[in-house]
Amino acid sequence: MSGQKFDNKIIQWVDDRLPIFSVLKHSAVEYPTPKNLNYWWNFGSLAGFMLVVMLLTGIFLAMNYAANTAIAFGVVEHIMRDVNYGWLLRYLHMNGASFFFICVYIHIFRGLYYGSYKAPRELLWGLGLVIYLLMMGTAFMGYVLPWGQMSFWGATVITNLFSAFPVVGDYIVTLLWGGFSVDNPTLNRFYALHFLLPIVICALVFLHLVALHTTKSNNPLGIDVKGPQDTIPFHPYYTIKDLFGIGVLLLIYLSVVFFDPNLFGDPDNYVPANPMVTPPHIKPEWYFLPFYAILRAIPDKLGGVVAMFGAIIILFFLPWIDSSKVRSAKFRPIFKQVFWIFLVVCLVLGYCGSQPPEGQIVLVGRVATAAYFLFFPLLWVLGKLEKPKPLPQSIAAPVLKGASAGHAAQPMEKA
Amino acid sequence: MRKFLTSTFAAVVLAVAVPALADEGPALEHQSWSWHGPFGQYDKAQLRRGFQVYREICSNCHAMKLLAYRNLAALGFSEDETKAIAAEKQVQDGPNDQGDMYSRPARPSDRFVSPFPNDQAARVGNNGALPPDLSLITKARAGGPDYIYGVLTGFKDTPPEGVTIPDGMYYNTAFPGHQIAMPPPISDEQVTYADGTKATKEQIAKDAVAFLNWGAEPELDQRHSLGIKTLLFVFVMTVLFYALKRRIWADQH
């Protein structure tokens with residue numbers, strides 16, 4: 001890694017003592033990347049970009065915020081009204097959370113479709129899931145900070161879930177609250193943790209990248225890189241492709257921030273928190289809705305909580321549950337269909353989570369919950385039964401074949 | 001296998017779609033608001049009329065604690081006019097050098113003075129119901145400005161057959177449950193507009209909602225104009241990135 005030669009004497013002097021330039025050159029410039037990555041591979045860098053946006057806007061919001069139940073709601077409105085461009089910071093941060101989750105969800109489903117979790121990338125996948133879990137914790141606590149009605153009641157409902165655990169449940173809840181109800185100590189510790197967890201996320205993102213650069217990127221064909229003819233250097237090919245992706249993301253993200261900033265929000269959160277008045281429908285932010293639906297699908301409180309956490313925990317075992325050695329769904333005709341159905345099941349769960357649990361919704365929620373968990377044993381069986389299509393010899397092979405037929409094939413965009 | 005999956009999928013889609021179609025609740029009529037859409041901006045004359053409605057009617061019961069008199073500059077009021085508007089109200093200040101609290105006319109830096117000293121007093125003065133603070137009202141209700149307009153104009157003298165409304169309550173088409181404690185607040189010609197606009201009930205309601213929306217989103221004008229400029233810039237940047245991407249990748253095609 002070190003021992004690179006640089007023309008610039010100062011850079012060389014620094015690099016001989018601290019190899020930052022060698023590392024950068026090794027892992028951000030020369031880093032050999034499969035040449036056939038499609039646009040779904042943009043979402044990792046887009047998620048990283050959103051993390052930076054959240055950190056930057058968050059720091060400046062923190063300079064103007066005060067975690068005290070008596071003034072928190074007013075302080076957020078003070079940011080919106082009296083702080084210079086405070087409304088912009090706040091709307092960027094608030095919608096940034098949603099777009100961060102959109103990027104991460106697409107990133108996860110891309111990994112699922114192309115089998116990126118399979119050997120040798122099990123730890124890469126697991127680290128990603130830990131990041132996702134930490135994101136959920138951070139987002140949940142961030143949503144409590146404006147101290148609106150949904151902040152307060154969302155916090156009450158979600159923290160109360162832990163009371164379902166036998167013996168230790170009540171102690172955990174008291175510890176989370178810092179008292180005997182959601183109150184000022186709760187807000188204070190949530191603020192502290194909302195500041196701490198993103199730093200942990202950054203550390204894990206670093207590990208995620210180290211693991212990625214060790215096993216190297218998967219690709220739409222899901223086959224291993226055979227040699228230098230299969231790869232291109234990260235810079236300039238993927239740096240410019242990622243920049244273009246960031247431009248497209250910004251167009252959508254900023255359209256929401258400037259023209260419909262409360263699109264993902266709940267009107268109730270513009271009503272100050274009131275422990276005496278319960279809103280008619282308590283529901284979490286959209287990115288939690290599928291899990292909220294699973295929680296409510298089980299008639300038993302402890303069972304619901306276990307199912308909800310289980311729905312995420314089970315993803316960690318995916319590399320060992322999936323018995324197929326073929327990674328990409330491109331060569332797995334039945335898995336491909338199961339994948340799309342699984343995606344629809346997740347969307348249906350999200351819809352159920354957004355509705356009051358009455359009538360048909362209860363039934364649909366239960367069927368979808370069963371379908372969600374059925375996906376995993378099905379994946380194991382499928383690997384045994386399914387006959388995959390023949391895999392190409394190498395990444396370069398189909399490219400060469402396409403090249404002989406003229407300019408018709410554009411493998412880098414089409415997967 | 002495949003057939004089973006397809007039919008499961010169809011069952012799930014059907015089960016979700018059917019109850020969604022049967023959704024109940026009165027549909028709100030969409031009004032045309034000057035600030036709608038990316039190019040929308042507030043109509044300052046309308047905001048001033050709306051402020052007049054708030055000052056003469058709404059503010060008798062409803063507070064707007066998040067707004068300060070200095071914010072009225074955005075409606076086109078001069079500094080002297082703002083001072084005069086603020087000075088109509090008294091606020092408690094102090095303690096002074098003698099250690100006494102005292103009353104003084106409000107200043108532009110003061111927040112809008114509330115009609116009642118506290119929630120309890122507000123309830124006593126309003127038949128037990130608490131008039132909500134209006135600072136964020138258009139953001140704090142589903143349907144936003146259309147909903148507020150719907151409530152203001154949705155009063156019916158006689159409820160539909162089979163519906164009984166208790167004493168001190170009123171029938172309203174837009175309010176959830178249709179039973180509202182607020183008496184019909186506006187009627188034709190209830191205010192006299194200085195700019196000669198005809199004060200129909202609908203006009204008064206629209207102007208009031210425009211003012212309330214400004215109170216909830218005072219940054220909207222700046223947000224929209226900055227948004228257009230920012231998106232234009234990002235669009236050009238993205239097109240350039242794309243062109244550059246095509247060029248860099250040309251040798252890979």
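Note that the structure is a prediction, hence the values are computed from the model and not measured.

A word on the packing of helix H11 (residues 289–297) of chain A against helix H15 (residues 360–385) of chain A. Residue and element names in this part refer to chain A. Their axes nearest at 9 Å, the elements H11 and H15 cross at an angle of 110 degrees. Judged by the angle between their axes, H11 and H15 are roughly perpendicular. Note on element contacts: H15 touches H11 through Gly365, Arg366, Thr369, Tyr372 and Phe373, opposite Phe291, Ala293, Ile294 and Ala297. Per-class residue counts for the contact of H11 with H15 are six nonpolar, two polar and one charged.

Moving on: the sheet that holds strand E4 (residues 170–172) of chain B. Backbone-to-backbone hydrogen bonds join strands into a sheet, with any given pair of strands oriented parallel or antiparallel. Residues and elements named next belong to chain B. Here we have three strands laid out as an open sheet, ordered E3-E4-E5, and antiparallel in their pairing. The open sheet is flanked by strand E3 (155–156) and strand E5 (179–180), the only strands paired with a single partner. As defined by bridge partners, E4 adjoins E5 across two bridges and the pair is classed as antiparallel. Along E5, the bridge assignment pairs Tyr170 with Ile180.

This part covers the pattern of salt bridges. Counted by the stated rule, this structure contains 18 salt bridges over all chains. A salt bridge links B:Arg70 to A:Asp82; its shortest N-O distance comes to 3.4 Å. In this pair, B:Arg70 sits in the loop between helix H2 (44–56) and helix H3 (79–87) while A:Asp82 sits in the loop between helix H4 (72–81) and helix H5 (86–113), so the two residues belong to two different chains. With relative accessibility at 36%, the residue B:Arg70 sits in the partly exposed group. Residue A:Asp322 is joined to A:Arg332 by a salt bridge in which the shortest nitrogen-to-oxygen separation is 3.4 Å. A residue pair is termed long-range when its members are at least 10 positions apart, and A:Asp322 in the loop between helix H13 (318–321) and helix H14 (333–354) and A:Arg332 in the loop between H13 and H14 qualify at 10 residues. Residue class for A:Asp322 comes out buried when judged on its relative accessible area of 4%.

Residue and element names in this part refer to chain A. Assignment of secondary structure puts Asn269 in the loop between helix H10 (234–259) and H11. Side-chain polar atoms of Asn269 contact the backbone nitrogen of Ser151, separated by 2.8 Å. Excluding residues within four positions of it along the chain, Asn269 makes contact with Phe73, Tyr143, Pro146, Gly148, Gln149, Met150 and Ser151.

What follows is about the confidence of the model for chain B. On average, residues of chain B score 90 in pLDDT, and 90% of them reach the 70 mark or higher. Long-range and interchain partners of residues 12–25 of chain B, a stretch whose pLDDT sits below 50, account for 10 contacts in this model, where long-range means more than four residues apart.

Conventions adopted
Residues numbered from 1 in each chain as written. Chains lettered and ligands numbered in written order. Predicted model: local features only at pLDDT ≥ 70, side-chain atom pairs only at ≥ 80, totals over all residues. Heavy atoms only, no water. Axes fitted to C-alpha atoms, helices over the stretch in contact; angles between N-to-C directions. Helix = DSSP H or I, 4+ residues; strand = E, 2+ residues; numbered from the N terminus. Parallel < 35°, antiparallel > 145°, perpendicular 65-115°, else oblique. Contact = heavy atoms within 4.5 Å. Nonpolar A, V, L, I, M, F, W, Y, C, P; charged D, E, K, R; others polar. Pairing = 2+ DSSP bridges. Salt bridge = Lys/Arg side-chain N within 4 Å of Asp/Glu carboxyl O. Buried < 20%, exposed > 50% of the residue type's maximum accessible area, 1.4 Å probe, protein only. Polar contact = N/O pair within 3.5 Å; in protein donor to acceptor, adjacent residues only side chain to side chain. pLDDT = per-residue confidence, 0-100.

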